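What follows is each chain in one-letter form.
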Amino acid sequence: MMNLKQLKAPLAVFMAFGIAACGSDGKDGSDGSDGVTPPVFATTAETLNLEYLTYGIDEQGVRAATFRLTNEKDQLVKGLGSVRFLHSQLATLEKGGTQRQGFGYVTCSANNEAGACLTDNEDGTYTVFNPTSILDLDTSAKGYEFDSEVPQRFMVRVQSYGGLPVIGSVQDIMPEIDFMLSGEAVTTTRKIVSTDSCLACHTDISYARYDSYDRSPHYANDLNACASCHATGEKDGKGTINERAHRWHFDSYLTNVESTKNCLSCHESENTAELPNASDWLAGNDAKACATCHSGDYAPSHGIDMPMTCGGVCHDVAEIHVAPVEALATARDMFSIEVISVEATPVTSTRGGHDYNTAEIALVLEIRDSAGTPVTEMPDFKALRATLAWDASTNYKMLTMETLVGGKLGRMADHSVNAKLNEMEVVPVGAGQYAFVISGALNPDPTKNDTGLIIPTGTEIAKGAVSIESTIMINKAGELQPSGTDGAIQNRLRSVTSFFDMQGLADTQRRQVVSNELCAACHGDMAYGMHSRRNDLEQQCSTCHNPNIAIWDKTFNAAKTAPDDTVLNHLGWSVYVHALHAGDREEQNLADGAIRDWKYPANIKDCAACHVSGSVKLDDIQKSGMFVTRDAYSEDAEFTLTSPAAATCWSCHSGGGEPLKSHMISNGALFNAPLDGADIEGDIVVQQNNLESCSVCHSEAKLAESHKL
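Counting of residues starts from 1 at the beginning of each chain's written sequence and follows it residue by residue. Note on the predicted model: pLDDT of at least 70 is required for a residue's local features to be given, and 80 or more for side-chain atom pairs to be given and counted; whole-chain, interface and lining totals, by contrast, use all residues. To get the side-chain values, take all heavy atoms of the structure and skip hydrogens and water.

> Which residues make up the side chain of Thr 358, and what values do they have?
Among the secondary structure elements, Thr 358 is positioned in strand S11 (residues 354-369). The term polar contact refers here to a pair of N or O atoms within 3.5 Å; inside protein, the definition further demands a hydrogen-donor-capable atom paired with an acceptor-capable atom, and it admits residues adjacent in sequence only when both atoms are side-chain atoms. Engagement of the side chain of Thr 358 in a polar contact is seen with the backbone oxygen of Gly 440, the distance being 2.8 Å. Setting aside its immediate chain neighbours within four residues, Thr 358 contacts Thr 345, Pro 346, Val 347, Thr 348, Ser 349, Gly 440, Leu 442, Leu 453, Ile 454 and Ile 455. Helix and strand assignments come from DSSP, with helices taken as H or I runs of at least 4 residues and strands as E runs of at least 2, each series counted from the N terminus. The contact criterion used throughout is that any non-hydrogen atoms of two residues lie within 4.5 Å.

> An account of the sheet that holds strand S8 (residues 152-158) is needed here, citing residue identities and associated values.
A pair of strands is labelled paired if DSSP reports no fewer than 2 bridges between them. If you trace the four strands from one edge of the open sheet to the other, you get S5-S4-S8-S9, paired in antiparallel fashion. Both edges of this open sheet fall to strand S5 (98-109) and strand S9 (176-179), since each of them pairs with a single strand only. Along the sheet, successive strands turn relative to each other by an average axial angle of 20 degrees, direction set aside. Bridging between strand S4 (residues 82-92) and S8 involves seven bridges; their strand directions are antiparallel. Paired with Phe 85 across the two strands is Val 156, which belongs to S8. Every angle, taken between N-to-C directions, lies between 0 and 180 degrees, and every axis is a line fitted to C-alpha atoms, over only the stretch in contact when it is a helix.

> Explain the packing of helix H12 (residues 573-582) against helix H14 (residues 644-653) to me, and be specific about the residues and the numbers.
H14 packs onto H12 with a crossing angle of 5 degrees between their chain directions and a minimal axis gap of 8 Å. In terms of axis orientation, H12 runs roughly parallel to H14. Where H12 approaches H14, its residues Ser 574, Val 575, His 578 and Ala 579 are matched on the opposing element by Ala 647, Thr 648, Ser 651 and Cys 652. Under the scheme applied, nonpolar residues are Ala, Val, Leu, Ile, Met, Phe, Trp, Tyr, Cys and Pro; charged residues are Asp, Glu, Lys and Arg; polar residues are all the others, including Gly. Here the contact of H12 with H14 is composed, by residue class, of four nonpolar, four polar and no charged. Under this scheme an angle from 65 to 115 degrees is roughly perpendicular, one under 35 degrees roughly parallel, and one over 145 degrees roughly antiparallel; angles in between are oblique.

> Describe the nonpolar core, listing the residues and the values that go with them.
Where a protein is soluble and globular, its nonpolar side chains tend to be buried together. One finds Ile 361, Leu 363, Leu 421, Val 466 and Ile 468 to be the most contacted residues of the largest nonpolar core, which totals 35 residues. Among the elements of the structure, helix H7 (323-332), strand S10 (335-351), S11, strand S12 (383-390), strand S13 (417-420), strand S15 (433-438) and strand S17 (464-474) are those that each provide at least two residues to this core. Setting aside chain neighbours within four positions, we find Leu 363 in contact with Val 339, Ser 341, Val 342, Ala 386, Leu 421, Tyr 434, Ala 435, Phe 436, Ile 438, Val 466 and Ile 468. Counting residues in each nonpolar core, the second largest holds 34 residues, with Ala 65, Phe 103, Ile 173 and Ile 177 among its members. Buried Ala, Val, Leu, Ile, Met, Phe, Trp, Tyr and Cys residues that are joined via side-chain atoms within 4.5 Å together make up what is termed a nonpolar core. Relative accessibility under 20% of the residue-type maximum defines a buried residue, over 50% an exposed one, and the middle range a partly exposed one, all with a 1.4 Å probe and only protein chains included.

> Describe in detail the confidence of the model for the protein, supporting the description with residues and values.
Across the chain, each position has a pLDDT score giving the predictor's confidence in that residue, from 0 to 100. On average, residues of the protein score 86 in pLDDT, and 87% of them are at 70 or above. Mean pLDDT across the secondary structure elements of the protein bottoms out at strand S1 (residues 14-17), with 41, and peaks at S15, with 98. Across residues 1-27, confidence stays below pLDDT 50; counting only partners more than four residues off in sequence or on other chains, it has 60 contacts. Scored below 50 in pLDDT, residues 304-308 makes six contacts in the model with residues more than four places away or belonging to other chains.

> For the packing of aromatic side chains, give the residues involved together with the corresponding values.
In summary, the pairing rule links any two rings of Phe, Tyr or Trp, Trp by its six-membered ring, whose centres are within 6.5 Å, and it sorts them by plane angle into stacked for under 30 degrees, edge-to-face for over 60 and tilted for everything else. Under the definition given, this model contains 11 aromatic pairs. Centre to centre, the rings of Phe 103 and Phe 146 are 6.1 Å apart; their planes meet at 65 degrees, and the pair counts as edge-to-face. Taken together, the positions of Phe 103 in strand S5 and Phe 146 in the loop between strand S7 (125-130) and S8 put the pair 43 residues apart, joining distant regions of the chain. When its relative accessible area of 8% is taken as the criterion, Phe 146 is described as buried. Charge-over-ring placement is defined geometrically: NZ (Lys) or CZ (Arg) within 6 Å of the ring centre, and within 35 degrees of the ring normal. A cation over a ring is seen here: Arg 630 above Tyr 633, with NZ or CZ 5.6 Å from the ring centre. Between Lys 661 and the ring centre of Phe 671, over which it is positioned, the NZ or CZ distance is 5.0 Å.

Here it is in structure tokens:
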């Protein structure tokens, strides 16, 4: 048994009253003739609010609470049919730290039958009690017992999602009340992680639990509610909330989400007024919480009977979990890079028997230190690359139909131009400024893509994008290390994307669809783990993941077979991101060999979680390039085209099946259509007449309303 303080005094009347005016004495309301305003009862509700009026435990050990229920307009709610009434306490452990210990819950109905434990006072107030006295509750098997001297918590769960009389369905709420039986103020708390830190990624904790986004939410949108139910002694087979949260977030399929690598994405390292226990985790008092992440190779070396505390005995938790993260943040901001100038010189080049108009690109980059001062010497970058893409108005063009022997696509068909600047000659041209020249010659080797920006005929007035990505090596102290240092930590600087035309730098051409900050809510430092140097999701990702990219995902390339739906499984950015987050990509759902099997942790219907205001415009999407697909892994595989709005909408709404596809086609969309009529230059689809008319009906305003933007 845990060494907790035992009950030192017999139970007296331990009622803790928190009475507030509720506008009623329990009698019928006045008609207003005596000057008293009659109560207003709710007929609708978007949200519910619960205010505790009285709460406590009497001398017989009966736990009870009276509460007031209102809607968002402060109108009283009648007719609540049932609630769950939970009780827990917060105990201090012998070796430090706290532990919430549960005493179970009772489901109470207000059916006026004998034994009913919920009373509807018919004035918007209710009284609930637990029929089992706390004096009769045996928790010895759980290793603790009731302690009248520690903070107590009641929580009423209003189970309203199934529908309330008159009002209908409303999100469940589960507010808690903490109190001391002595009537003194509660001073011991367990406020370690804030609900806001969860909402940064989940947007609504309710959707973190289930595999189906349409299933009724299990949780209230409050971390305190989670901790109240999933306490010690309650459903121990799956662990307390901290054990569960660690286990869920540490699963391997979430390796591209920040919370799996950075404890500070959820935790704070210092206490605050809102989180007085924020730094408690650094003491390492909860060995079970440690073991949920550090299982496998760690557990056997510690034995089955791990100590109750890890920190302060063998491990410095801050050194292990905080210092490396802070060092990475230091490295990320150690330098900044800005594109000072871009000069494009037209040239021509030949590849695969085709002549192309290309451009030699002269770049000047300015590199500054963390204080914003231009550096006096070029840093030793482990990687410094420039990604070039052309024709931003159509979401970029690239060599698309270049098929190698056996059916594999050429490297240039996979990517835009990717130049390794750290392997080129660098010329200092000013304070912190360095010049690089990227050749306009196409590499004759079709497996390479390091040179040659193609400017298709007729697109000379278009604009291109250049994205600069980089990584450096540091030590744990956050000091720059030579790029080849063994054991050093690798981190990326912030990527930067600039736009240019044949005359030089230009204003932004490609519209912004998402924001780095919104992506970072889940992914952390604006980085998707599949590409460790790249963290500008606003613009950089689309330079490679453009509609022309006809290659399939790694799963299908390895199998040398096409996915069943080559549009839904396309790697073009607008399709790829939607289908990936919805879990609809075929390679996510294979019984064996799936490389990504995970669930988006928020409400998938909340498009504003990623999209910026005004970004969903079908008329703009319709101006993008055609999605190029092929249905077979063979040298002579035919390429087909799908119109951009149809492909983008299909990535989320493919569940509509053939009727939806027919609707799109009847309004001008193409699905896997032949190349007939396309303007083709060598292995590039330059232009295709797009007759989509989706935006006529699906206006920006209607899309904003239907997609909660």
